[in-house]
Amino acid sequence: MEDGRIGVFICHCGTNIAGKISIEELKNFASTLPHVVTARDTTYTCSEIGQSSIQEAISELNLTHVVVAACSPSMHEKTFRGTIQKSGLNPYMLAIANIREMNTWVTEDSEKSLEKAKKLVAAAVRRVITQEPLEEEKLAVTPRVVVVGAGIAGIEASLQLANADKEVVLVEREPSIGGQMARFDKTFPTLDCASCILTPKMVEVGQHPNITLLTYSEIEDFSGVPGQFNVRIRRKAKSVNEELCTGCGICEEKCPIKKIPSEFYMGLGNRKAIYRPFPQAVPQYPVIDRENCTYFLKGKCKICEKECPTEAIDYEQEDTFIDVEAGAIILATGFEPYDPSNIPQYHYGEYDNIFRAIEVETMLNASGPTDGKFLLRKDGKFTDESPKTVGIIHCVGSRDNNYNSYCSRVCCMYSLKYAHLIKERTDATIFQFYIDIRAFGKGYEEFYDRLQKEGVVFIRGKPGQILQDKDKLIVQVEDTLSQKALHVPVDTVILSSALSARSDARQVASTFGIGCGAEDFFRELHPKMAPVDTQVDAIFLAGTCQGPKDIPDSVAQGAAAAAGALRLISRGHVMIEPMIASIDEDVCSNCKMCISVCPYDAIAEDTEKKVAVITASKCKGCGLCPAICPSSAIHQAFYSDEAILAEIAGIVETAQLKG
Amino acid sequence: MSTFSRYVVPDLEFRKKIVSLSQDNINYCYQCSNCTGICPLNMVSKFNPREIIHWGQLGLKMLPMDFERLWSCTTCGACEYVCPKEVKITEIIAANRSYGIEAGDKVPATYTTTLESFYSYGNPFGLGVDARTDWANDLDVPIANKETKILYFVGCNASYDPRSQSIARGLVNIFKNTNLNYGIMGNKEKDCGNCIYFMGETELSDHERSQNESVIQEVQPEVIVTTSPHSYNIFKEKYELPKDTEVFHYTQYLDQLIKDGKLEFTKSLPDTNVTYHDPCYLGRHNDIYDEPRRVLEAIPGVKLAEMPNNRQLSICCGGGGGNAWAETEVEERLSIPRLNEAVDVGASVLATACYFCLQMFDDAIKVKNREQDIQAKDIAELVAEAL
């Protein structure tokens, strides 16, 4: 048996632990365990007093190992490693017995809870004695940040970093940056012109010497470790040579293919086969949509090539790949506007004059398909008639367990914004069908007040269905305040539809090794204390990819994510936890099973020595390779077989004691 | 006690009781009123599920007038289909009815008579237990035993109601035609308990159910086929059945027979314009929309047209929740706007797959003198005609 002098420190955690079990009994039990020199308790071990009591015990009693019985290691393992390190011990001579989350919080009976606490403490005591000193590795951070997604959050993050003189690679899937905000005409509650506040930032991104802007591009592959990531980016062929193109727009003007539904205008308007999504696009260069271009379909046409004054059209262009090394990643991939066509009672996509929110944004946009006018449709085509009555239905696809159970946070306010803009432009009577008005942000309640004064009619109830009666739509609803079942005839209905996670969010999350919540938005490390961090160090989140939010919050998160990335790059290095796997060359039979299971591409064959070799900087210590190795040639630091068996033994022995 | 006589004091005991009877469903509601917004009763009268839920949430007892109105709910489930909080509103309706019955509130007479018949005879008509199989006297229908593979659960209306008996006769003909090993429960069959449950007599419903369950345990059938979507619903929701016994509504079973090539049509129903009415307990309550349509489309000569309100948006016939036996004023009958919809799409046959729907539409056609334009038929009848 190993030598060692163990101190056990039991935390009351106020009443979280002490309110459930007898600390005195646990302490007495702990002091009977092998190698335990002292067992002590403190009200809050994580407090300064608690920590210094550990340090005093270490120096008084020459402790070699420390067990803290308290909360989850994910809370304070780092804290206590620091504590013992200050007293001269190796930080890895610590074991945590999680007697709060795994015990007192979830076990009702206090006797059973005490028994469980004893087992967990015994397990930690038995394991800690097997632990070996480990050294953290220092890894240099590549001074470059890749930002994925160039909506307002990604733009803000990129500019913050670039203006701090850091190098940024900004990757955007679409032909232009700007994201959803570029579709908006005005923003609530101030009714600022959206493009007036967005386009200067877009232009700044396009011209900034520290920003490499890659539009029409996607992440192809991602690997590496925090501080030293490798990102492979696919630059889709634009069929336009950007070095020669001046963005004059002649090609787009002359292109004979006119009727392709514009993605940017949600199919309400058309674009050409060679196009810029919208007039203020950045970069200003067009792309050829090969699926709809006559030349690519039939081998003929080439009008754009003929018309181009600078010979910038390049039909031969191919997708290219760029490998970028980056110290940190910021994901700002945004949201997807919810498509309510699966809600049969609202007949979206069936009746002419039912629009969803994002369509209304593009319609109100001055450079949109209706030049900013709110128009009615007949037989699928816009007329020049404006509505005299408009119904706006809130919470469509939000706060609804059949679709998305969360509140999308912005719909109340954008619904009020539509009411104002439509009233201003058409003088229509507007009905808001709402459940609750959530006006939580700065200036939002005042905006609600303003719209009430402007004469918008508020009906409290979620409509049961929309009926069609000749040219009118009938909104069927109970106004719960008057308790009247109403049929409200309107010319058009706007569905204030939800903000959904991107349909490929799970795939993107798995590429980057981060998590998704139940509704597919990316999961932050902590909802309050680490809202832009992720479970992977050096990968940060910004904007609506993390959850529905408005523009001020997206911008704030963009800046916060930039600060996180800046912190790493400015310090210049990260410390790598040493709990990784290593291979004993003398035992390895080169069967390669470890190579096949490694999810991080961290193991390769040394063809000369005929053994497998682990690249330490890539290994995350997941434990798959030591488990699968048939020759037991792989050792996992901190999680050795010996340590795990010792833990089990501690639990079994304690159970037998009781038994 | 409150000092002011006009103030109402919430009755927390009542609240507790109604929350528990509704299996906590009342607590999930956030009062958006999507339910009242879609409730079809508001086309013909007045019904406010949201208010009923809210009164329960607050611990406010219903006034006698409201309690009487409570019985007009057909438990069609449109409210549940749209409810954003997945509240089982029909459970709340049943809970309120249960509470009222127990508290001795005045239950409208027609419902009382029906419940008494269920209690004494195991059927809503007050007819003798022995008369349950009279419909089958000339058909040589086997009584299920341990060898029986398919147990056909006939249901009260198809057993006793002369109009609905032709559904059972049609199905038996189909079973014979395809040489199936089937049997019925005979005079041991009791009411399935579904309507009784939603009428608030949960104990009586349990009693009927357990009698049926013991026969089923004896027979141990591989498959149970029901005539009624209502029976299908309670078999799925509440019955304790042998582990390997599968339950089908007959439209599902016929769909499978047609798919497997076991059911062949020899006759055509030339140029028959059919529209299909989704019964609430088949469609919204159990998500069975496609099978009945496939069966109809397989019948030679049938042309299927959809009414504007189809599938999830189907408008109730008015017969559920005990209302098949109620005397509803003509202008308050849901069957009439539904019939108009069927006539408007040019159908000569309004097909359905539930004997309550059939009864309600037959009545509507008579009341509105539409016999020349349209007939109500059950899918089983149409299939049997084409064999």
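Structural data are supplied above this passage.
Overview of the structure. (Residues numbered from 1 in each chain as written. Chains lettered and ligands numbered in written order. Predicted model: local features only at pLDDT ≥ 70, side-chain atom pairs only at ≥ 80, totals over all residues. Heavy atoms only, no water.)

A count of helices and strands for chain A gives 18 helices and 36 strands. With respect to the three principal axes, the spread of C-alpha positions in chain A is 90 × 70 × 40 Å. When each of the 659 residues of chain A is scored for burial, the buried share is 55%. A separation threshold of at least 6 residues defines the contact pool for chain A, and within that pool the share at least 24 residues apart is 68%. (Helix = DSSP H or I, 4+ residues; strand = E, 2+ residues; numbered from the N terminus. Buried < 20%, exposed > 50% of the residue type's maximum accessible area, 1.4 Å probe, protein only. Contact = heavy atoms within 4.5 Å.)

All names here are of chain B. Interaxial distance between helix α16 (residues 335-344) and helix α17 (residues 355-367) falls to 9 Å at its minimum, and their mutual angle equals 80 degrees. Classified by the angle their axes make, α16 and α17 are roughly perpendicular. Contact residues: Ser335, Ile336, Arg338 and Leu339 in α16; Met360, Phe361, Ala364 and Ile365 in α17. In the contact of α16 with α17, the residues fall into six nonpolar, one polar and one charged. (Axes fitted to C-alpha atoms, helices over the stretch in contact; angles between N-to-C directions. Parallel < 35°, antiparallel > 145°, perpendicular 65-115°, else oblique. Nonpolar A, V, L, I, M, F, W, Y, C, P; charged D, E, K, R; others polar.)

Below, the discussion takes up the side chain of His277 of chain B. All names here are of chain B. Its location among the elements puts His277 in the loop between β5 (272-276) and α15 (290-298). A polar contact is formed between the side chain of His277 and the side chain of Arg338, at a distance of 2.9 Å. If sequence neighbours within four positions are ignored, His277 has contacts with Met307, Ser314, Ile315, Cys316, Cys317, Arg338, Leu350, Ala351, Thr352, Cys357 and Phe361. (Polar contact = N/O pair within 3.5 Å; in protein donor to acceptor, adjacent residues only side chain to side chain.)

Turning next to the environment of Val128 of chain A. All names here are of chain A. Within the fold, Val128 resides in helix α5 (residues 110-128). When its relative accessible area of 0% is taken as the criterion, Val128 is described as buried. Val128 sits 122 residues away from Ile6 along the chain, and the two C-alpha atoms are 8.4 Å apart. In contact with Val128, not counting residues within four places along its chain, are Ile6, His65, Val66, Val67, Met93, Leu94 and Ala95.

Residues and elements named next belong to chain A. Most of strand β1 (residues 6-11) is tucked away: six of the six residues are buried. Pairing of β1 with strand β2 (residues 36-42) involves six bridges; the strand directions are parallel. Looking at β2, one finds that Gly7 is bridged to Thr38. In the classification by handedness, the crossover that spans β1, the intervening helix α1 (residues 23-31) and the parallel β2 is right-handed. (Pairing = 2+ DSSP bridges. Right-handed = clockwise from strand over helix to strand, strands pointing away.)

Looking now at the pattern of salt bridges. All names here are of chain A. In total, this model carries 56 salt bridges over all chains according to the counting rule given. When the shortest N-O distance is used, the salt bridge between Lys27 and Asp41 registers 2.9 Å. Separated by 14 residues along the polypeptide, Lys27 in helix α1 and Asp41 in strand β2 bring together distant segments of the chain. You can call Lys27 buried: its relative accessible area is 17%. On the accessibility criterion, Asp41 (27% relative accessible area) is partly exposed. (Salt bridge = Lys/Arg side-chain N within 4 Å of Asp/Glu carboxyl O.)

Further remarks concern the environment of His347 of chain A. The residue His347 of chain A is located in the loop between β19 (335-337) and β20 (354-356) in this model. Judged by its relative accessible area of 6%, His347 of chain A falls in the buried class. Sequence separation between His347 of chain A and Ile466 of chain A is 119 residues; the distance between their C-alpha atoms is 7.1 Å. In contact with His347 of chain A, not counting residues within four places along its chain, are Ile354 and Ile466 of chain A together with Leu313 of chain B.

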